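Each chain, written out:
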Amino acid sequence: MNKLFFYLFLLLSLSSYGQNNESVYYDSNWNLCQKNEAKYYRIYNSYDKYSNTWEIKTYYINGTIQWVGRVKNNDPKATKCSSAKCHGIATWFNENGYKSSERTYMNGILNGTALIYNNKGVITLSLNFVNGKILKKPTSKSIYIKNNSTNNRSKYYGYSVSGYGNNNSVYGDISVNKNGGSGTIYDENDNEISIDLEWTGKGTLEGYDEDGNYYELEVE
């Protein structure tokens, strides 16, 4: 019954977000919840009539900043940049307070620079997007990976990729040879995903993460 009243209150108060700085709470899967069940909370800070956007700040439940940016859709259920229509620079932070990702959006689509940082806040990947696609095909870089069981070294090529899977737009870096390979990609909530891949055509790959979720990727 308490949850019923909570959701009724939430529906009645949606129109006031961006004006009263009320907190909205989420569990670890980004589902709306009550404060005692929350891992994150979000505050709608201000509305800009010129860009038609709301400023949002999201925090870990301990008060550490998790995300800051502006959106055109202030529905609390819209927790991905595609559905919230992120607009401008959106920045993610890890639980230690370091930047983990910074991306530029236009109406919920990647447009501009996307940066990935390591857990100390140092940039490890930089890509440029136009309308959700990597701006230009990157030059492949050959690397050699040692097989510990055979002590042999195999030649792989490094690529930047983008694609879709598990209801998310994703992008990242992969290492592949003629048979396939693996890599690290990032989804719309800045989750880091390890993935195994194989080629499906010229410049296209498919693969699965550790939980068995399926992804389709393209070397832009």
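In this report, we go over the structure that sits alongside the text.

## With respect to the pattern of salt bridges
- Under the definition given, this model contains three salt bridges.
- For K99, the salt bridge identified is with E102, shortest N-O distance 2.9 Å.
- For K99, a relative accessible area of 31% puts it in the partly exposed group.
- Residue classification places E102 among the buried positions, given a relative accessible area of 18%.
- A salt bridge links R103 to D190; the nearest nitrogen and oxygen atoms lie 3.1 Å apart. With a gap of 87 residues between them, R103 in strand 7 (residues 99–106) and D190 in the loop between strand 14 (181–186) and strand 15 (192–201) connect regions that are remote in the sequence.

## Topic: the sheet that holds strand 2 (residues 32–33)
- Strand order in the open sheet formed by ten strands is 2-1-3-4-5-6-7-8-9-10, with antiparallel pairing between adjacent strands. In this open sheet, the two edge strands, each paired with only one partner strand, are strand 2 and strand 10 (133–134).
- Of the strand pairs in this sheet, strand 8 (residues 109–117) and strand 9 (residues 123–130) are connected by six bridges, and their pairing is antiparallel. Bridge assignment links T113 to a residue of strand 9, and that residue is N128.

## Topic: the packing of aromatic side chains
- Applying the stated criterion to the full structure yields ten aromatic pairs.
- Taking the centre distance of 5.1 Å and the plane angle of 20° together, the rings of Y41 and Y59 count as stacked. Residue Y41 is located in strand 3 (residues 40–48), and its partner Y59 is located in strand 4 (residues 53–60); the two are separated by 18 residues in the primary sequence. Assigned by exposure class, Y41 and Y59 land together as buried.
- Consider the rings of Y208 and Y214, whose centres lie 5.3 Å apart with planes at 55°: the pair is tilted.
- Classification of Y208 as partly exposed rests on a relative accessible area of 46%.
- Residue Y214 is classed as partly exposed on the basis of its relative accessible area, which comes to 31%.

## Quick notes on the layout of surface pockets
- In this structure, the largest pocket spans a volume of roughly 360 Å³.
- For the largest pocket, the lining is made up of 19 residues, of which Y60, N94, S100, D190 and N191 are closest to its centre.
- Listed by contribution, the elements that provide at least two residues to the lining of the largest pocket are strand 6 (88–93), strand 7 and strand 8.
- Within the lining of the largest pocket, the residues separate by chemical class into eight nonpolar, seven polar and four charged.
- Of the pockets and cavities examined, the second largest pocket occupies roughly 270 Å³.
- Lining the second largest pocket are 20 residues, with L110, G132, G163, S169 and V170 positioned closest to its centre.
- Those elements that place two or more of their residues in the lining of the second largest pocket are helix 2 (81–84), strand 7, strand 8, strand 12 (152–165), strand 13 (168–176) and strand 17 (214–219).

## Details of the state of the cysteines
- A full pass over the atoms with the stated rule returns one disulfide.
- A disulfide bridge connects C81 with C86, and the sulfur atoms are separated by 2.2 Å. Linking C81 and C86, the disulfide has an S-S dihedral of approximately -80° and is accordingly described as left-handed.
- Residue classification places C81 among the buried positions, given a relative accessible area of 2%.
- You can call C86 buried: its relative accessible area is 1%.

Conventions we followed
Residues numbered from 1 in each chain as written. Predicted model: local features only at pLDDT ≥ 70, side-chain atom pairs only at ≥ 80, totals over all residues. Heavy atoms only, no water. Salt bridge = Lys/Arg side-chain N within 4 Å of Asp/Glu carboxyl O. Buried < 20%, exposed > 50% of the residue type's maximum accessible area, 1.4 Å probe, protein only. Helix = DSSP H or I, 4+ residues; strand = E, 2+ residues; numbered from the N terminus. Pairing = 2+ DSSP bridges. Phe/Tyr/Trp six-rings, centres within 6.5 Å; stacked < 30°, edge-to-face > 60°. 1 Å grid on protein atoms, 1.4 Å probe; cavity = no way out; pocket = protein on both sides within 12 Å on 5 of 7 lines; lining within 4 Å. Points joined across faces, edges and corners; volume = space filled by probe spheres on them. Nonpolar A, V, L, I, M, F, W, Y, C, P; charged D, E, K, R; others polar. Disulfide = S-S within 2.5 Å.

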